[in-house]
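Commentary on secondary and tertiary structure
Okay, here's what each chain looks like letter by letter:
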Amino acid sequence: MIKRAIVIVLAVLAAAILGASFLSRKAPSYLKNSIEKALQKKVRIRDIQYTLPTHFELSGVEILEDEPFRGEPSFEAEEIKLKLSPLSLSRRTLVIDALEMQGATVVIRKLNGKLTHPFSSVAAPPPVSSAETGRLPSERQKRAVGLEIRKLKIIDSYFKLIDYDVESNGFVVAADHIRSDIDRISLPPSSTPTRYRLEGRLLQGREEKPAGLTINGWTEFGSWDTDVSLAAKGVKLPYFQPYYKLVTQAVIQEGAVDLRALFRIEGKEFVGNIDFEIVGLLFKTYEQGELLFGLKAEEILSFLKDSSGRLRFPVNFHWNMADRSVRPREVIRKSIEKSLKQTVIGNVGRIVQGAARKLGEEEPEKEKDRVEEAVKKIKDFLKY
């Protein structure tokens with residue numbers, strides 16, 4: 001009886017050892033193949049270390065793009081640690097309970113209005129016109145293995161957007177020292193929101209100090225419903241001319257902006273609320289006719305600046321993303337024009353009161369003339 005028990009125990013141990021050996025050999029290739037099928041892109045991994053039962057350490061990881069950027073990496077990381085969920089063995093989905101990457105580089109490319117990034121082959125496109133919303137998934141997306149990352153932690157990483165639509169050679173927007181915590185990434189996109197918080201430094205040329213950047217919010221990538229806040233401090237406006245020139249042909253020579261923004265998307269309706277505070281603003285040229293957003297440039301700047309020379313004003317806009325006849329740049333420009341006028345109107349009382357306060361302090365008649373001149377300028381400005 002004892003001998004029989006010993007034989008059974010030894011058989012179980014042998015099976016466990018053989019099973020562990022089999023898993024150790026097969027698990028790395030299973031993981032790599034599952035990642036490629038989930039992303040529908042070429043993946044290179046220099047080495048995969050597997051620790052029973054579900055832990056992996058990957059080194060030398062690259063995700064390579066198809067056309068029109070064939071062979072160019074959209075993701076690189078020297079080290080990735082992940083914990084695979086046992087659910088991956090019973091579902092046609094690669095389920096990762098936790099993933100941590102350090103020193104990674106993520107590249108997004110924009111060409112002809114389309115974004116190319118590590119998840120772009122299987123991610124849902126942003127909302128389009130109603131005639132296209134019912135389009136069936138592509139055959140490539142049907143063949144893809146699902147991917148679910150429950151917790152993603154990014155440490156000291158680098159992000160780069162290369163925009164070929166604003167500059168033919170590709171205008172680069174980059175951020176480094178990125179730290180981010182992300183909950184629930186699903187491919188294909190699900191109705192579960194992806195929640196994220198990101199901190200980093202926005203780079204803006206070798207000669208300029210990076211701007212601080214914080215993003216916090218959630219997005220449901222199935223519908224693109226979003227609620228996100230963004231804060232940036234010390235953004236140098238001249239560096240970002242390729243973007244601001246989309247809404248004005250004026251050229252900024254100097255100036256830095258701190259901004260706080262809230263963006264919401266619900267049912268394809270995009271609502272934005274942005275508060276700007278600009279310091280040291282100096283223009284090299286205005287728009288044709290010495291205008292700025294269709295308004296008298298010198299006068300609007302004098303009305304907006306406070307005693308310290310700062311310009312503070314909000315911009316609120318609303319855009320139906322499903323309406324292809326609407327150009328976002330026009331929505332933003334009209335919103336800025338409206339905001340500037342409303343801010344000037346709100347400052348009328350302060351401007352007049354500031355001049356009137358001096359009445360009697362010097363020569364009353366001269367001060368009276370100054371008040372009348374200020375009022376006349378405001379009236380002329382609002383008529384323009």
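Residues numbered from 1 in each chain as written. Predicted model: local features only at pLDDT ≥ 70, side-chain atom pairs only at ≥ 80, totals over all residues. Heavy atoms only, no water.

1. What about the overall build of the protein chain?
A count of helices and strands for the protein chain gives six helices and 16 strands. Evaluated residue by residue, the protein chain yields a buried proportion of 39% over its 384 residues. The contacts of the protein chain with a sequence gap of at least 6 include a subset with a gap of at least 24, amounting to 58%. By element, 55% of the accessible surface of the protein chain is carried by carbon and sulfur atoms, the whole surface being about 22,400 Å². (Helix = DSSP H or I, 4+ residues; strand = E, 2+ residues; numbered from the N terminus. Buried < 20%, exposed > 50% of the residue type's maximum accessible area, 1.4 Å probe, protein only. Contact = heavy atoms within 4.5 Å. Areas by Shrake-Rupley, 256 points an atom, 1.4 Å probe, with all protein chains shown as cover.)

2. Remarks on the packing of aromatic side chains
One pass over the full model with this rule turns up 13 aromatic pairs. Centroid distance Tyr 50 to Phe 56: 4.8 Å. Interplanar angle 35°. Geometry classified as tilted. For the pair Phe 283 and Tyr 286, a centre-to-centre distance of 5.2 Å together with 45° between the ring planes defines the contact as tilted. On the basis of relative accessibility, which here comes to 15%, the residue Phe 283 falls in the buried class. By relative accessible area, which is 17% here, Tyr 286 ends up buried. If you follow Arg 109 out to its NZ or CZ, it ends over the ring of Phe 69, 5.5 Å from the centre. (Phe/Tyr/Trp six-rings, centres within 6.5 Å; stacked < 30°, edge-to-face > 60°. Lys NZ or Arg CZ within 6 Å of the ring centre and 35° of its normal.)

3. Digging into empty space enclosed by the protein
Gaps left between atoms show up when a probe the size of a water molecule is rolled over them. Under the criterion given, the structure shown has one cavity of 30 Å³ or more. Of the volumes computed, that of the largest cavity is approximately 30 Å³. As for the largest cavity, its lining consists of Ser 186, Pro 189, Ser 190, Thr 192, Thr 194 and Phe 221. Residues of the lining of the largest cavity, tallied by class, amount to two nonpolar, four polar and no charged. (1 Å grid on protein atoms, 1.4 Å probe; cavity = no way out; pocket = protein on both sides within 12 Å on 5 of 7 lines; lining within 4 Å. Points joined across faces, edges and corners; volume = space filled by probe spheres on them. Nonpolar A, V, L, I, M, F, W, Y, C, P; charged D, E, K, R; others polar.)

4. Observations concerning the pairing of strand E10 (residues 211-220)
The sheet contact formed by strand E9 (residues 194-203) and E10 spans nine bridges and is antiparallel. Directly across from Gly 200, in E10, lies its bridge partner Leu 213. Sheet topology places E10 next to strand E11 (residues 225-236); nine bridges connect them, and they run antiparallel. From the neighbouring strand, Gly 212 faces E11, where its bridge partner is Lys 233. (Pairing = 2+ DSSP bridges.)

5. Let's talk about the pattern of salt bridges
This model, assessed by the stated rule, comprises 21 salt bridges. Ionic pairing is found between Glu 65 and Lys 41, a salt bridge with its closest N-O pair at 2.7 Å. Taken together, the residues span a long stretch of sequence, with Glu 65 in the loop between strand E2 (55-64) and strand E3 (73-84) and Lys 41 in the loop between helix H1 (2-39) and strand E1 (42-51) at a distance of 24 residues. Just as Glu 65 is buried, Lys 41 falls in that class too. Note that Arg 327 is salt-bridged to Glu 330, the shortest N-O span being 3.8 Å. (Salt bridge = Lys/Arg side-chain N within 4 Å of Asp/Glu carboxyl O.)

6. Structural notes on the pairing of strand E16 (residues 311-320)
Burial along E16 is one-sided: Leu 311, Phe 313, Val 315, Phe 317 and Trp 319 are buried, while Arg 312, Pro 314, Asn 316, His 318 and Asn 320, pointing the other way, are not. As paired strands, strand E13 (residues 269-285) and E16 are joined by 10 bridges and run antiparallel to one another. Counterpart to Gly 272 in the pairing with E16 is Phe 317.

7. A few points about the confidence of the model for the protein chain
Of all residues in the protein chain, 77% have pLDDT values of 70 or greater, and the mean over the chain is 81. Predicted confidence is poor over residues 3-25, with pLDDT under 50, and the contacts of this stretch with residues over four places away or in other chains come to five contacts. In the predicted structure, residues 129-136 sits below a pLDDT of 50 and forms six contacts with residues beyond four places in sequence or in another chain. (pLDDT = per-residue confidence, 0-100.)

8. Some details on the environment of Pro 86
Looking at the element boundaries, Pro 86 is found in the loop between E3 and strand E4 (93-102). A relative accessible area of 55% means that Pro 86 is categorised as exposed.

9. A short note on helix H4 (residues 297-304)
Residues Ala 297, Ile 300, Leu 301, Phe 303 and Leu 304 constitute the buried set of H4. Summarising the axial view, the buried residues of H4 lie within an arc of 160°, below the 170-degree limit, and thus occupy one face. (Arc of directions from axis to C-beta.)

10. A word on unusual backbone geometry
With an omega dihedral of 5°, the bond running from Glu 67 to Pro 68 counts as a cis peptide bond. Residue position: Pro 68 is located in the loop between E2 and E3. The phi dihedral of Asp 156 is positive, around 45°, even though this residue is not glycine. Note on placement: Asp 156 falls in strand E7 (residues 146-163). A relative accessible area of 41% means that Asp 156 is categorised as partly exposed. In this structure, His 177 takes a positive phi of about 50° despite not being glycine. With respect to the helices and strands, the residue His 177 is situated in strand E8 (residues 171-187).

11. Remarks on the environment of Gly 255
Looking at the secondary structure, you find Gly 255 in strand E12 (residues 251-266). Spatially, the C-alpha atoms of Gly 255 and Gly 280 are 4.7 Å apart, while their sequence positions differ by 25 residues. With sequence-adjacent residues up to four places away left out, Gly 255 is seen in contact with Val 235, Lys 236, Leu 237, Pro 238, Val 279, Gly 280 and Leu 281.

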